[in-house]
Amino acid sequence: MNLYELTRSIIDSIPAQQRFSTEDEALLLAHRDALLALEDELVKGFYDAIEANPNINALLGHGARAEREATLRRWWQRTLAGPIDEKYWAWQALVGVVHIKVGVKNPTMMGMWNWILTWLRPRLEPVAGSPEATFALMEAVQRLALTTQAITAESFLMNYLETVIRITGFKPALLERMFNTEIKVVLAEAREQLGDMP
């Protein structure tokens, strides 16, 4: 699967007003030094939060924290160095593939993104300098989060399906027909479970 093509199709499916923009990138880069100064605290807090959750921490493996911290540092530094271009987004798609390999599910990834956003919010006003500038910077970070999450999650799904196709030898069109037939059963079962829900 071509990560660049996959990434472009995912980005194109995000409503334009919600996806990360060149204006958002310029805003992050304008505050680069102050944001980079948050790196040590961000990385420590992020992995402290993971270690506090036994289910997530088990995915790291024994002694892997230093390696994972280095990965988060590289992402933070690369994000704030720019450019946030096709190669950057393809890298986020690759994260989805890595998550399949190590067993990190999308809810875990999204939960940790929420941790980042929650952690950053009170720290941005000293960086931005005013409530208005803080609001704009936080919106840029939120669009970065949304775009990254969409790419990583969809890459996880699409590469998982691609792997199933390779393992089974099914042609994509056959798998699609089988899927469309089976999803009707799944929907009927789900509606039965929900009862009178709309």
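Data block above holds the structure.
All figures in this text were calculated on a predicted structure; none of them were measured in a lab.

Calculation notes
- Residues numbered from 1 in each chain as written.
- Predicted model: local features only at pLDDT ≥ 70, side-chain atom pairs only at ≥ 80, totals over all residues.
- Heavy atoms only, no water.
- Helix = DSSP H or I, 4+ residues; strand = E, 2+ residues; numbered from the N terminus.
- Expected span 1.5 Å × (residues − 1).
- Buried < 20%, exposed > 50% of the residue type's maximum accessible area, 1.4 Å probe, protein only.
- Arc of directions from axis to C-beta.
- Contact = heavy atoms within 4.5 Å.
- Axes fitted to C-alpha atoms, helices over the stretch in contact; angles between N-to-C directions.
- Parallel < 35°, antiparallel > 145°, perpendicular 65-115°, else oblique.
- Left-handed = near helix turned anticlockwise from the far one by under 90°.
- Nonpolar A, V, L, I, M, F, W, Y, C, P; charged D, E, K, R; others polar.

Undergrad: So what's going on with helix H8 (residues 106-120)? Residues and values would help.
TA: Residues that lie three or four places apart on an α-helix share one face, since the helix turns once every 3.6 residues. For H8, spanning 15 residues, the distance from its first C-alpha to its last is 21 Å, which sits close to the expected 21 Å at 1.5 Å a residue. Of all the positions in H8, only Asn106, Met109, Met112, Trp113, Ile116, Leu117, Trp119 and Leu120 are classed as buried. Angular distribution of buried residues about the axis of H8 spans 165 degrees; they occupy a single face of the element. Tucked into the core, H8 has its buried residues touching helix H4 (39-51), helix H6 (65-81), helix H7 (86-102), helix H9 (124-128) and helix H10 (131-168).

Undergrad: Help me get a handle on unusual backbone geometry, residues and values and all.
TA: Residue Pro83 is bonded to the preceding Gly82 through a cis peptide linkage, with omega at -10 degrees. Structurally, Pro83 can be placed in the loop between H6 and H7.

Undergrad: Describe the packing of helix H1 (residues 3-13) against H10, with residues and values.
TA: The geometry of H1 relative to H10 is characterised by a closest axis approach of 10 Å and an angle of 125 degrees between their N-to-C directions. The angle between H1 and H10 places the two elements in the oblique class. H1 and H10 meet at a crossing whose hand is right-handed. When H1 is examined against H10, the residues Leu3, Leu6, Thr7, Ile10 and Ile11 are found in contact with a partner set consisting of Thr147, Ala150, Ile151, Glu154, Ser155, Met158 and Asn159. Taken together, the residues that form the contact of H1 with H10 break down as seven nonpolar, four polar and one charged.

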